[in-house]
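Inside the fold
Residues per chain are reported as follows:
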Amino acid sequence: EAAKLTNAETIELMMVVAGAYADLGDLDTAIATLEIPALRSKVDGKWQFRLWLAYADLLEAAGRADEAKKWVTLAAEGGGRGTDGGRDWRVRRRG
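An account of the accompanying structure is given in this report. (Residues numbered from 1 in each chain as written. Predicted model: local features only at pLDDT ≥ 70, side-chain atom pairs only at ≥ 80, totals over all residues. Heavy atoms only, no water.)

Remarks on the nonpolar core
Heads up, the rule is: Throughout, nonpolar core names a set of buried Ala, Val, Leu, Ile, Met, Phe, Trp, Tyr and Cys residues whose side chains join them through atoms within 4.5 Å. To sort residues, take the accessible area from a 1.4 Å probe on protein chains only and compare it with the maximum for the residue type: under 20% means buried, over 50% means exposed, and anything in between is partly exposed. By definition, any uninterrupted DSSP run of H or I lasting at least four residues is a helix, any uninterrupted run of E lasting at least two residues is a strand, and each is numbered from the N terminus.
Counting residues in each nonpolar core, the largest one holds 23 residues, and the members touching the most others are I11, L34, L51, Y55 and W71. The leading source of residues in this core is helix α3 (residues 46-61), at 10 residues.

A short note on the packing of aromatic side chains
Inclusion rule: Two rings belonging to Phe, Tyr or Trp (six-membered ring only in the last case) form a pair when the distance between their centres is within 6.5 Å. Interplanar angles under 30 degrees mark stacking, angles over 60 mark edge-to-face geometry, and anything in between is tilted.
For the structure on display, the rule yields three aromatic pairs. On the basis of an interplanar angle of 50 degrees and a centroid distance of 6.5 Å, the ring pair of W52 and W71 is categorised as tilted. In this pair, W52 sits in helix α3 while W71 sits in helix α4 (residues 65-77), placing the two residues 19 residues apart along the sequence. Like W52, the residue W71 is buried in the burial classification. Between Y55 and W71, the ring centres sit 5.2 Å apart and the planes meet at 85 degrees, which makes this aromatic pair edge-to-face. Here W71 lies in helix α4 and Y55 lies in helix α3, a separation of 16 residues in the sequence. Classification of W71 as buried rests on a relative accessible area of 13%.

Given below as C-alpha cells:
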C-alpha cells in the first residue's frame, strides 16, 4: 500500500508520524522524521510549505526558535502556494 502513495500523501503521512512522536514527548525523533530530502528540495506543491511549517513547529517546541524562524521565512518567501505562507504560524506565535 505504501508504494501506491503519491508524494503529497507520503509527506502528509510523515507529518502525522512526526506529530505522534511529538505528542509522546520525543521531539528529537519527531524532528528527524521530517528531515527527509523533500524538506530541502524546491518543488511546486502545497505540501512542501506544510512540511516546512510542521518542521518549524517542531523546532520551536524543541527550543530551537531561531532555526524555526528560518523555515517560516522560507515558506513565506515562497508565497505559500495554496497556504497562508507562514502568516498563520507567526500570528499563533505572538499569542
